[in-house]
Amino acid sequence: MSDGTVTLPWIVVRQDDNGNRYRVGRYATRAEAEKIADSLDGRGHKQLYWVERIGQSGSTVGRSAT
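Description of the structure in this document. (Residues numbered from 1 in each chain as written. Predicted model: local features only at pLDDT ≥ 70, side-chain atom pairs only at ≥ 80, totals over all residues. Heavy atoms only, no water.)

1. Digging into the overall build of the chain
Then comes step 1: Within the chain, the regular secondary structure consists of one helix and four strands.
Then comes step 2: Order of helices (α) and strands (β) in the chain, N terminus to C terminus: β-β-α-β-β.
Then comes step 3: Per-residue burial for the chain yields a buried fraction of 27% across its 66 residues.
Then comes step 4: When contacts within the chain are restricted to residue pairs at least 6 apart in sequence, long-range pairs at least 24 apart make up 39% of them. (Helix = DSSP H or I, 4+ residues; strand = E, 2+ residues; numbered from the N terminus. Buried < 20%, exposed > 50% of the residue type's maximum accessible area, 1.4 Å probe, protein only. Contact = heavy atoms within 4.5 Å.)

Structure representation (structure tokens):
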């Protein structure tokens, strides 16, 4: 990337008990995002965490529940 921008196409999403969804963070690789999601999921809370890829248009593509 010659324009100096960093692409972070992978996001971790959290859904709470009430169905509210929140973006936890953005990451450069799927492996990095999954590592964070697994770490958060391992804390034993009832929230659901998963990884999504953000497309060129800013919309999410696919979903991988942890």
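Additional details are given in the paragraphs that follow.
2. Let's talk about the nonpolar core
Then comes step 1: Counting eight residues, the largest nonpolar core consists of Trp 10, Val 12, Tyr 27, Ala 33, Ala 37, Leu 40, Tyr 49 and Val 51.
Then comes step 2: Of all the secondary structure elements, the ones that give two or more residues to this core are β1 (10-15), α1 (30-41) and β3 (48-54).
Then comes step 3: Considering each element in turn, this core owes the most residues, three residues, to α1.
Then comes step 4: What Val 12 contacts, discounting residues up to four positions off in sequence, is Tyr 22, Arg 23, Val 24, Gly 25, Tyr 27, Ala 33, Ile 36, Ala 37, Tyr 49, Trp 50 and Val 51. (Core = buried A, V, L, I, M, F, W, Y, C linked by side-chain atoms within 4.5 Å.)

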